[in-house]
Amino acid sequence: MDKANNWDQYPDQNGRFGDFGGRYVAETLMPLILDLEAEYRAAKQDPAFTAQMADLWEHYVGRPSPLYFAERLTEHYGKAKIYFKRDELNHTGAHKINNCLGQVLLAMRMGKTRIIAETGAGQHGVATATVCARFGLKCLVFMGATDVERQKPNVFRMKLLGAEIIPVSSGTGTLKDAMNEALRDWVTNVDDTFYCIGTAAGPHPYPELVRDFQSIIGKEARAQILEREGRLPDAVMACIGGGSNAIGLFHPFLEDETVRLIGVEASGHGVETDKHAAALNGGEPGILHGNKTYLLQDKAGQILDAHSISAGLDYPGIGPEHAFLRDTGRAEYLTCKDDEALEAFQLCTRLEGIIPALEPSHALARLPDALETIDPAGILIMNLCGRGDKDVFSVAEHLGVEM
Amino acid sequence: MPTSRITARFAKAKSQARAALISYLMVGDPDLETSYQAMCALRDNGADIIELGAPFTDPMADGVSIQRAGQRSLKSGTTLNHVFALAQRFREQDRDTPLILMGYANPVHSLGYEAFAKHAAEAGIDGTIIVDLPPEEDQPLRAAYAAHDLSVIRLATPTTSETRMKTVSDGASGFLYFVAVTGVTGAGSADPQAIKPNVDMARRVSGLPICVGFGVRNGEQAAAMASIADGVVVGSAFVDHAAKAADSGQYGTVPTGMGELAKELSGAIKAVNRG
């Protein structure tokens, strides 16, 4: 493959990141994604759109999120300095709202009045419902029936925010089925509906626009570390489900060749078992939900169910740009098992007084491994992409504690 | 010559001043032997073209009926190789009825486009509808088909503009599958007169026979569509017979039920003179 020394050229005009990405949708959806792409190009050029985003990010979401020196974790490992990008301090408790705001503003530009979204753990659903409440838009959230049962507090939050929850019982009743059902709704309601996708996957232009909206994470982190330390970090690190928080952190550092990019996938019970969610480390390239990427699939090309202790990482695919960054070698992707994430969750809570979500706990668990390969006088930034309040009940259950 | 099997069938229907009936079944729902018997029953009762559904875990363009059919088929272990074997078995005793494989991209990609094309052609399949391979993404498939004379059959909808229709037509052959309502399979029916201008435009731009599907369930609806289209596609209504049999365990009722429906539909379509 060519040395991709100009990372900004991706995706190309066909929505490709090298061989990955694309627009693998039924013809019924084609006019919709072509319209969305045209509108996004126009919005990017419109100073009013950019200004409105910036204003909402500052006053509604609470950006910029702090870059925090995790002093006690750094002492604990005794190696390079560890910084947290504190996206868990955002309104609604995770990075998801960065993207929801952008997409909902786009929807309003397009005159759409009905917003649909898929959600697994409920974080993207809550963020979408929040932004829809803020702008008075109708919001429908598709959620696997299994997840509706597992995530009752978030289901209630979404209802409080005025969203309608559609439990999806087709397939296995989890995130991928919720996404199938949202796509079906979209082709059925083409005139008034906007599909707000929660991760950097799906047909072009979604991986690009979600990345662009989430890139605020990396842009801020880059400026903050330069101001604080006067130099770039040696590595940046994030957990990966579909990969939106990771691509948001990585992208502004792509051209900085000295900065290593480290993603951590959820390997559930182990990547060698049939219960994991590590598409890059345990999957093969294939086509699902509108894009070509690495997928968990069987020999006949049927999609396998993912498993992770963290519902937010419980997806059998991965954003196409990560597939590309892996194959080009620009980013490296590690794995973390359920029990390792649980331990890291507790360690961070005790040492830093920050209860992380189970998703970033996967990245936390790989910190010692990443630090092994970094100059002890160096710097590592990890995105703490969500707070753990939502996970307290399930962590208690896993630890055998009755509440 | 596969493409000519499709062309010949539309020519035959045209010479009889009628539209063609295209019937769909999900292969392996509930089992392969039933699928074979159903194909024969469909053919014997007036189906002009048979679409063989290949199951996929995540059929994002399908409604509940065909989703469940796919799940039953996967449960019985159906793969693309079974679809090829079924087509071949049918082809050994029927040299004329066109067979169209309908499915999703990932199983095809997993097998490899070249191998898929070779197996499909050898099995006597005449064309394919790969739902999530729009013109922008089906170049590898077209390249693989060139050596085998297989038809790439594409989809169009009432929201397909004339400009877009040119893109959809470029590289398409056999016929064009016109989705009558924007939505998923098994959705509500469309008003034939409302979509007639779109169907006429599709025919003019593509130069292909236009087959209308989605929401056609009975003779009356089929006759109404037959007045504006060159072919009428019926899927979910056939698949419902397999659903009932799967519930009752009486698989023998599937070919009978599908055959009776084909008879009703083809009779209604033939009564509409398109001369």
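Rules of the game
Residues numbered from 1 in each chain as written. Chains lettered and ligands numbered in written order. Predicted model: local features only at pLDDT ≥ 70, side-chain atom pairs only at ≥ 80, totals over all residues. Heavy atoms only, no water. Helix = DSSP H or I, 4+ residues; strand = E, 2+ residues; numbered from the N terminus. Expected span 1.5 Å × (residues − 1). Contact = heavy atoms within 4.5 Å. Buried area = accessible area lost by both parts, 1.4 Å probe. Salt bridge = Lys/Arg side-chain N within 4 Å of Asp/Glu carboxyl O. Polar contact = N/O pair within 3.5 Å; in protein donor to acceptor, adjacent residues only side chain to side chain. Nonpolar A, V, L, I, M, F, W, Y, C, P; charged D, E, K, R; others polar. Pairing = 2+ DSSP bridges. Axes fitted to C-alpha atoms, helices over the stretch in contact; angles between N-to-C directions. Disulfide = S-S within 2.5 Å. Buried < 20%, exposed > 50% of the residue type's maximum accessible area, 1.4 Å probe, protein only. Parallel < 35°, antiparallel > 145°, perpendicular 65-115°, else oblique. Left-handed = near helix turned anticlockwise from the far one by under 90°.

*Asks:* Report on helix 14 (residues 338-352) of chain A, specifying residues and quantitative values.
*Replies:* For helix 14 of chain A, spanning 15 residues, the distance from its first C-alpha to its last is 21 Å, which sits close to the expected 21 Å at 1.5 Å a residue. Downstream of helix 14 of chain A by a residue or two, Gly 353 of chain A has a phi angle that is positive, lying close to 65°.

*Asks:* Lay out the interface of chain B and chain A in plain terms, naming residues and giving numbers.
*Replies:* Interfaces are frequently sized by the accessible area removed from exposure as the parts join. Taken together, the contact pairs 36 residues of chain B with 35 residues of chain A. Taken together, the two surfaces of chain B and chain A that pack against each other cover about 2,700 Å², and 53% of this comes from carbon and sulfur. Counting the surface chain B buries against chain A, the share from its top three residues, Asp 58, Met 60 and Glu 137 of chain B, is 24%. Counting the contacts that link chain B with chain A gives three salt bridges. For the pair chain B and chain A, the interface holds 18 residue pairs in polar contact (both at pLDDT 80 or more). Where the side of chain B that touches chain A is concerned, the elements lending two or more residues are helix 3 (64-75), helix 5 (105-111), strand 6 (154-156) and helix 8 (162-169) of chain B. For the side of chain B that touches chain A, the element with the most residues is helix 5 of chain B, which contributes five residues. Residue composition of the side of chain B that touches chain A, grouped by class: 18 nonpolar, 12 polar and six charged.

*Asks:* If you had to explain the sheet that holds strand 10 (residues 260-266) of chain A to someone new, which residues and values would you point to?
*Replies:* Residues and elements named next belong to chain A. Here we have six strands laid out as an open sheet, ordered 3-4-14-9-10-13, and mixed in their pairing. Two strands close off the open sheet at either side, each with one partner strand: strand 3 (67-69) and strand 13 (331-336). Going from strand to strand, the sheet's axes swing by 25° on average, the running direction of each strand aside. In terms of strand pairing, strand 4 (residues 81-85) meets strand 14 (residues 379-383) through five bridges, oriented parallel. Residue pairing across strands places Ile 82 opposite Leu 380, the latter belonging to strand 14.

*Asks:* Run through the sheet that holds strand 1 (residues 16-17) of chain A, naming residues and quoting values.
*Replies:* Sheets are built from strands paired through backbone hydrogen bonds, the pairs being either parallel or antiparallel. Residue and element names in this part refer to chain A. Judged by pairing direction, the sheet is antiparallel, and its four strands sit side by side in the order 1-2-12-11 without closing on themselves. Both outer strands of the open sheet, strand 1 and strand 11 (284-288), are each paired with one neighbouring strand and no more. Taken together, the two bridges between strand 1 and strand 2 (residues 20-24) define a ladder with antiparallel strand orientation. Within the sheet, the bridge partner assigned to Arg 16 lies in strand 2 and is Gly 21. On top of the sheet, helix 13 (residues 320-328) reaches strand 1, strand 2 and strand 12 (290-295); it is set at about 45° to strand 12, its chief contact.

*Asks:* Give me the lowdown on the state of the cysteines, citing residues and values where you can.
*Replies:* Residues and elements named next belong to chain A. Taken as a whole and assessed by the stated rule, the structure comprises zero disulfides over all chains. Cys 100 takes part in no disulfide bond, and the closest cysteine sulfur to it belongs to Cys 196, at a distance of 4.3 Å. A residue is classified by how much of its surface remains accessible, and Cys 100, at 0% relative accessible area, is buried. Note on Cys 139: no disulfide assigned, nearest cysteine sulfur contributed by Cys 132 at a separation of 4.0 Å.

*Asks:* Give a description of the packing of helix 6 (residues 113-122) of chain B against helix 7 (residues 139-146) of chain B that names residues and reports values.
*Replies:* Residue and element names in this part refer to chain B. At their nearest, the axes of helix 6 and helix 7 sit 9 Å apart, and the two run at 45° to each other. Accordingly, the angle class assigned to the pair helix 6 and helix 7 is oblique. Handedness of the helix 6/helix 7 crossing: right-handed. Contacts between helix 6 and helix 7 involve Tyr 113, Glu 114, Phe 116 and Ala 117 from the first element and Pro 140, Leu 141, Ala 144 and Tyr 145 from the second.

Any link to function would need more than the numbers given here.
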